[in-house]
Every structure is written in structure tokens, then in C-alpha cells.
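Summary of the model geometry
What follows is the residue order along each chain.
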Amino acid sequence: MSNFWADQIAEKAEQLDGRHVVSDAKTPSGRIHVGSLRGVVIHDLIFKAVKDSGQKVEYVYRFDDFVPMDGFPPELPDSFRKHMGEPLCNVPSPEKGYDSLAQYYAFDFREVFEKLDCKPRIVCASESYRAGEMNQLIRTALEKAEKIREINVCISGAKKQEGWLPINVVCEKCGKIGTTKVSGFDGETVLYECVDVKYAKGCGHSARISPFDGNAKLTWKADWAATWVLHNVTIEGAGKDHYAAGGSRDVANHLADEVFGYKHPYNFRYEFFIMGGKKMSTSKGIGVSARQMSESMPPELLRFLMARYKPQTAIDFNPDGDTIPKLYDDWDRFARIYFSHETARDPDIPRIFALSQVGSAPKDFFRPPFSFVAFLRQLPNVKVVDAIADYKGSKLSKEEKDELAKRIEYAKIWLEKFAPEEAKVQLVEKPDYSVLSEGQKKALRDFAEVFGNEKDDNRQMEAVKGICSKNSLTVGEFFEAAYTVFIGRKKGPKLLPFLKALDRKKVVARLSNA
Ligand SMILES: [Zn+2]
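Residues numbered from 1 in each chain as written. Predicted model: local features only at pLDDT ≥ 70, side-chain atom pairs only at ≥ 80, totals over all residues.

Take the overall build of the protein next. Along the backbone of the protein there are 20 helices and twelve strands. Seen through its principal axes, the protein has C-alpha atoms that stretch 100 × 55 × 40 Å. For the protein, the proportion of its 514 residues judged to be buried stands at 41%. In the protein, of all internal contacts separated by at least 6 residues, the share reaching a separation of at least 24 is 70%. (Helix = DSSP H or I, 4+ residues; strand = E, 2+ residues; numbered from the N terminus. Buried ≥ 20, exposed ≤ 12 C-beta atoms within 10 Å, placed from the backbone. Contact = placed C-beta atoms within 7 Å.)

As C-alpha cells, this is what we get:
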């Protein structure tokens, strides 16, 4: 049995009626940040692990669009302020082509996670309520409102008044859902009053209305539990903010078990995905959006980043500096281990690599080091494809060319957005030989001859060692001299592949002039 965390969950969780439903949810209340992708990917990995174990399974993703707009996304124009308190599914979209503000944000997020090969069945809360699918669950919740109140009070210490009902009605007069206080369920209707809340003004309207068929929504913890029942959810984790003692997940579990008579789903918490130490927030617009991040690196790398760490491990991902090249290097190493070109102590590596794939099964081919590709990309008159074929030592296959083309594109983005200064290079037009010692100059001249005649890397390297000992230099001092005359600094990428990528005659001339 695999030790990989998703396989462990697949093994431990209990089925319902011989099958599993893995589920996760998000409120589309603003531009969704990259941290929220972690939940989607974690659940997708579990879904695939359950599937691989031979059990029947479905992955359902819920957009909770039937909640009030209670925060104001910074990118929206002020004219949207009047919608505060309305259900997100009824607030208009700021752009054409979407039914609502909720759909506008949800579609944007869905597009991103589908690129990461997460393709759950999407359900929207508003549709479930309007279609009457929640009616029976609403009835149960209203009939057992006192029990729900007790659980809330006991588990989370929430103060709910007697007569409180776990439901919010959409006000018939002003259309807001965040402002209604509900009481007096008589079996068919509830009484509500539209009052002021912190973020929205009520209109004062009061009436009796049926709570069914989309007129109302369960308050969120009751809704969370009821949704598990509706979709037969057997596995669902949640972010750690829901897991404090007496937190919302604890309450929802009790509601499922004791109010709806439904064994709550297999439960696990996942840690935050933060960037540079900052927790991101959808409603406050803090952090990099899922879309921005997905445009900066290939989807398999983003999946990989989330797959390789256990859900309980916080990921602090700062894309600045060498993070992306290092992630690429790890990815390439996992590939080599997967295809048995290299050994590793961690037995989970092949499984992590396999589950991080997007689309097709893993393929065994040469993967050029990302930082070298990024470097070559900056050199004038260098055909990166030829230079990489040279580096590999044979022609590139179709797959290798495709992979290289992708890496060239991502290298461009990395260089523009995240690369440290030392990764940016420019060929020096006129080398300053005066900073070199006599020994260094002589060694470069000696090497010019070797480089002009010898094409094999290993033999070139052997020659370098000989030249160094002849001129009483360390290999390091030789490299420093070479980098100095080509890129004007003492360090650079692997020297021989780099020189090979340049025009041979010009390299020889520059070395000979030392
Ligand atoms: Zn109202």
C-alpha cells in the first residue's frame, strides 16, 4: 500500500452505498487567490487516489453563490455598493457574458483549476435551492431548529436567542438576504423582518413567506451539513481556519450526525498556502489571484507544488528569486526517479510525480534545466533549440521540442517578473581583459585552441584542467576569467554548454585576444 497521503485517505475513508463522493466548496465573492487552489487540487488528488484504488467515486465542487455580498472586492466600481447584502447570485456581473457577480468570479476560477486537470462536477447552491432540492433538508432544519441552536451554543459558544431559526430569507421588497431576521415557522411559512446589519441597511419590510424553492437559505453551518446530505459527500476537508476547537467544521459535523442523521464526511484539515508569509484573502483582495499564478508557471508544476506536501503542511510559496527554477529542477528529478534513471529514499516520489501530471500519462524524455533555458534565451543570435540539442548530445524529439518551447515561454515570464538580478545576463560587447592576471589570460588563450578543435565536453573539461595546472591556476580562477570576458562578472551558468551555445568563431576570437 502506498504511503502517499492521498492514498492513505482513500484507504481510510468509509464509503456510502458502495461509493465515494469527494467534495469541496468555495464562495465566489471576489477574485479567487492562489491559496484557494490548494483545496481544489488536494481534493482532486484524493479523488484520483480513490479512483486508482478501484472504488467508485465522484468529485463534486460547490460554488456557494447563495450568500450575501458582505465584503466589497476592491476591483469593483463604487456603483456596486448598493448590492451589499444581496445574494451573490443576484448581483449583476461587472462584465458581459455572466449571469451574476458570483458566476463571473466562479467561471474565472473554474477555468484556472480545469487547466490544472481538476474537472469536478460543478454545482451552485442557488440552483439547488431554487430547484427545490433543499426543501426537505430545510424542513428538517426548521423543525429541529432548537437542536441546531443547542449545538451551536454548546460547541462553539455562539449566542443565539430562543426562537432563532437557522435560515435567511431573501427580502421580497429590497432583495437582500443578509438583512433578514427570521422566526415563527408554522410548518409552511416563516416570519421575517428586514433589519440593518453591519455591512448593509435593511428596508424594514416584514412578512410571512414560504422558506422553500429558493426563497431562503440555511445559515451557513446548517447549509454546510445539509449539502453533504444532498450530494452524499463522504470525503471533504477544509482549511484550518474552520478547525479551531468549537469551530465551524466541528459544528457542521454535529449537525450532520445529530440533526440530519447523516454520518459526516471523512474529515481532514489542510493548512494555508501563503505567499511570502502573508495569508491571502478573497474578500480583501490580498494576494496573487489564482489566474495570475497559473499564467506564471505550467499547470503541472502548480499541481506538483500542492501534491508533494501533506495537507497539514503550510506552503509558503514566494515566486520571487530562484523558486520557480528550483521547482523545475525538483520536477525533473522526480521525473528521473519515476523512470528509474535515479534512485531516491522517499518511496512516494513516483506516485507524487504520476498524480501531478496534467492530461496524459508521464513520458520519459530529456528535460532541459530551466535556468539554463532562461539563460540561453537572453543571448543574442542563439538558437535555443540547437543549443539544447547540443547540451543533450543528440537531436531533440518532438516531445522534447514541445517541452522546450513551453520552458522558453515560462522563462520569459520568470525573467520579467520574478528572476533575481544575477539571473539576468547580457553579453559584454568589449571585454575588459585588464582585470585578469597574466596566468588567466594565458589560460584563456590556451583554451581558445582547444575550443576551436575539440567538440567533446569531457575532453574539453580535461583540457581545462591541464591548462590550469600548467598556468598555476585553480579551475575556479579559470572559470572566473571566462565569465568576465563574456558576461562581465565572475559567475554564470555552466561554462562549457554556455560557450557552445555561442558562435564558435567569435568565442575563439574573444579567448585568443586575452
Ligand atoms: Zn428588505
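Moving on, there is more to tell.
Attention now goes to the nonpolar core. As a rule of thumb, soluble globular proteins bury nonpolar side chains together. With 133 residues, the main nonpolar core has Ala6, Ile9, Ile46, Ala141, Ile167, Ala225 and Leu255 as its most contacted residues. When residues of this core are assigned to their parent elements, the largest contribution, nine residues, is made by helix H2 (residues 35-52). Excluding its chain neighbours within four sequence positions, the residues that come into contact with Ala225 are Ala252, Leu255, Ala256, Val259 and Phe260. (Core = buried A, V, L, I, M, F, W, Y, C linked by C-beta atoms within 7 Å.)

Turning our eyes to something else, we now look at the packing of helix H6 (residues 145-156) against helix H8 (residues 248-259). As a packed pair, H6 and H8 sit with axes 10 Å apart at the nearest point and diverge in direction by 145°. Once H6 is placed against H8, the crossing between them reads as right-handed. Contacts between H6 and H8 involve Lys147, Ile148, Ile151, Asn152, Ile155 and Ser156 on the former and, on the latter, Asp250, Val251, His254, Leu255, Glu258 and Val259. Taken together, the residues of the contact of H6 with H8 break down into six nonpolar, three polar and three charged. (Axes fitted to C-alpha atoms, helices over the stretch in contact; angles between N-to-C directions. Left-handed = near helix turned anticlockwise from the far one by under 90°. Nonpolar A, V, L, I, M, F, W, Y, C, P; charged D, E, K, R; others polar.)

Assigned domains within the protein: domain 1 (5-132 + 220-274), domain 2 (155-218), domain 3 (320-422) and domain 4 (433-512). Here domain 1 and domain 3 have C-alpha centroids that lie 34 Å from each other. (Domains from an automatic or database assignment.)

With respect to the helices and strands, the residue Asp196 is situated in the loop between strand E6 (190-194) and strand E7 (206-209). Separated by 15 residues in the primary sequence, Asp196 and Lys181 place their C-alpha atoms 9.9 Å from one another. Beyond its immediate sequence surroundings of up to four residues, Asp196 is in contact with Lys201 and Gly202.

Moving on, we come to the sheet that holds E6. Taken in spatial order, the three strands make up an open sheet running E5-E6-E7, and their pairing is antiparallel. The sheet terminates laterally at strand E5 (180-183) and E7, the two strands that pair on one side only. Adjacent strand axes in the sheet meet at a mean angle of 25°, parallel and antiparallel pairs treated alike. Of the pairings in the sheet, the one linking E5 to E6 comprises four bridges and is antiparallel in character. Across the sheet, Val182 pairs through a bridge with Tyr192, a residue of E6. (Pairing = 2+ DSSP bridges.)

A few words on helix H5 (residues 135-143). Taken together, the buried positions of H5 are Leu137, Ile138, Ala141 and Leu142. Buried residues of H5 fall within an arc of 135° about the axis and therefore sit on the same side. Close packing links the buried residues of H5 with H6, strand E4 (167-169), strand E8 (216-218), helix H7 (220-231) and H8. (Arc of directions from axis to C-beta.)

Glancing now at the packing of H7 against H8. Packed helix pairs are characterised by how far apart their axes lie and by the angle those axes make with each other. For the pair H7 and H8, interaxial distance at closest approach is 8 Å and the crossing angle is 55°. Taken as axis vectors, H7 and H8 run oblique relative to one another. Crossing hand, H7 versus H8: right-handed. Between H7, through Lys221, Ala222, Trp224, Ala225, Trp228 and Val229, and H8, the contact on the second element is made entirely by Ser248, Val251, Ala252, Leu255, Ala256 and Val259. Residues that form the contact of H7 with H8 fall into these classes: ten nonpolar, one polar and one charged. (Parallel < 35°, antiparallel > 145°, perpendicular 65-115°, else oblique.)

With that settled, consider the pairing of E6. Side-chain alternation along E6 places Val190, Tyr192 and Cys194 on a buried face and Leu191 and Glu193 on a face that remains uncovered. The antiparallel hairpin formed by E5 and E6 contains six residues in its connecting segment, where Gly184 sits at a positive phi of about 60°. Alignment of E6 against E7, held across four bridges, turns out to be antiparallel. What sits directly across from Val190, in E7, is Ile209.

A few words on the pairing of strand E2 (residues 56-63). Most of E2 sits out of view: six of its eight residues are buried. The pairing of strand E1 (residues 19-26) with E2 spans eight bridges and is parallel. Bridging from a neighbouring strand, His20 pairs with Val57 of E2. Crossover handedness for the path E1 to H2 to E2: right-handed. Here four bridges tie E2 to strand E3 (residues 121-124), and the two strands are oriented parallel to one another. (Right-handed = clockwise from strand over helix to strand, strands pointing away.)

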